[in-house]
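Residue-level structure breakdown
The lines below spell out each chain.
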Amino acid sequence: MAFEQSPLRHERRSLVADVRYQLISFIRSFTLLLYVAMGMAVVGVAMKFLGLTGGSFVFVFAMAVLVLLLLVQVGLSFFYIVSNVWLALLGAFSSFSLVSGLLALIFRYQNWFGWQVIFYAVVPLYLLSGVLLFLYLKRFQKLHEPLHKFFYRNLIFPFVFVLLLGIVSFMFSADRYNQEDDPVLQRSPIPADETAVLQSN
């Protein structure tokens, strides 16, 4: 009987190993796409700063892709980090805070109406996520190789990326990033009170 069960156990192990390999391969492709979108966002900011045509489109498109990818990562954290519940919760929470941070940055760089409210509402959530990431990193420095890579590549690096974009957005006036004449992307998704806009102008 023990001899008959051995091939079944070996088959189950090979199946688990194959699923794990496919999942790790998917995470690598997902992370690469995440980095490509971040690179496009940087190019969009540079184009906006230089006043090049299409800069706002490139920036908003890249940031929208990042938002969608990080929303997927919220669920992916629970599916990928099944061996560590706390890290899975931290990954989901951090990914959600990154989504909110990216949305605030879109409003800030586009100088859309309501960016102040959104930006300062997101800051506490973003800072809380940063504190939790720091505390987890300080307490659990040693992680398995796949989780270690996911922690740094999909959480820490995007966190620093959003932080740097936030700092850069306040280094210059918002008008400096909106030199091109784009009537479509100049309009805020949030309807503004016309009297308030006239008074501000």
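Just so you know, these numbers come straight off a predicted model, no measurement behind them.

Criteria and cut-off values
- Residues numbered from 1 in each chain as written.
- Predicted model: local features only at pLDDT ≥ 70, side-chain atom pairs only at ≥ 80, totals over all residues.
- Heavy atoms only, no water.
- Core = buried A, V, L, I, M, F, W, Y, C linked by side-chain atoms within 4.5 Å.
- Buried < 20%, exposed > 50% of the residue type's maximum accessible area, 1.4 Å probe, protein only.
- Helix = DSSP H or I, 4+ residues; strand = E, 2+ residues; numbered from the N terminus.
- Contact = heavy atoms within 4.5 Å.
- Expected span 1.5 Å × (residues − 1).
- Bend = angle between axes of the 7 residues up to and from the residue.
- Phe/Tyr/Trp six-rings, centres within 6.5 Å; stacked < 30°, edge-to-face > 60°.
- Lys NZ or Arg CZ within 6 Å of the ring centre and 35° of its normal.
- Axes fitted to C-alpha atoms, helices over the stretch in contact; angles between N-to-C directions.
- Parallel < 35°, antiparallel > 145°, perpendicular 65-115°, else oblique.
- Left-handed = near helix turned anticlockwise from the far one by under 90°.
- Nonpolar A, V, L, I, M, F, W, Y, C, P; charged D, E, K, R; others polar.

With respect to the nonpolar core
Ranked by internal contacts, the top residues of the largest apolar core, which has 41 residues, are Met63 and Leu66. Secondary structure elements with two or more residues in this core: α1 (2–50), α2 (55–80), α3 (85–110), α4 (115–139) and α5 (145–169). Of all the elements, α3 adds the most residues to this core, at 10 residues. Apart from the residues within four sequence positions on either side, Leu66 is in contact with Leu34, Ala37, Met38, Ala41, Leu102 and Phe161.

Here we look at α4
In this model, α4 (25 residues) spans 36 Å end to end at C-alpha, consistent with the 36 Å of a helix rising 1.5 Å per residue. Val123 marks the point of greatest bend in α4, at about 30°, and the proline Pro124 comes within the next four residues. Every buried residue of α4 is listed here: Trp115, Phe119, Val122, Tyr126, Ser129, Gly130, Leu133 and Tyr136.

Examining the packing of aromatic side chains
For any pair of aromatic rings, geometry is given as the distance between the ring centres together with the angle between the planes. Taken as a whole and assessed by the stated rule, the structure comprises 11 aromatic pairs. When the ring of Phe119 is compared with that of Phe170, the centres are 5.0 Å apart and the planes differ by 80°; the resulting orientation is edge-to-face. Separated by 51 residues along the polypeptide, Phe119 in helix α4 and Phe170 in the loop between α5 and α6 (194–200) bring together distant segments of the chain. Clustering of aromatic rings is evident, with ring pairs tying together Trp115, Phe119, Tyr120 and Phe170. One cation-aromatic arrangement involves Arg108 over Trp115; the distance from NZ or CZ to the ring centre is 4.3 Å. Its end group placed over the ring of Phe170, Arg108 keeps NZ or CZ at 4.5 Å from the ring centre.

Structural notes on unusual backbone geometry
Of all residues except glycine, most have a negative phi; of all peptide bonds, most are trans. One non-glycine residue, Asn111, lies in positive phi territory at about 55°. The residue Asn111 is located in the loop between α3 and α4 in this model. The exposure class assigned to Asn111 is partly exposed, which follows from its relative accessible area of 36%.

Describing the packing of α3 against α4
Where α3 meets α4, the closest approach of the two axes is 8 Å, and the angle between their N-to-C directions is 150°. By the angle between their directions, the pair α3 and α4 is classed as roughly antiparallel. In this structure, α3 meets α4 at a crossing whose hand is left-handed. The residue inventory of the contact of α3 with α4, partitioned by class, reads 18 nonpolar, five polar and one charged.

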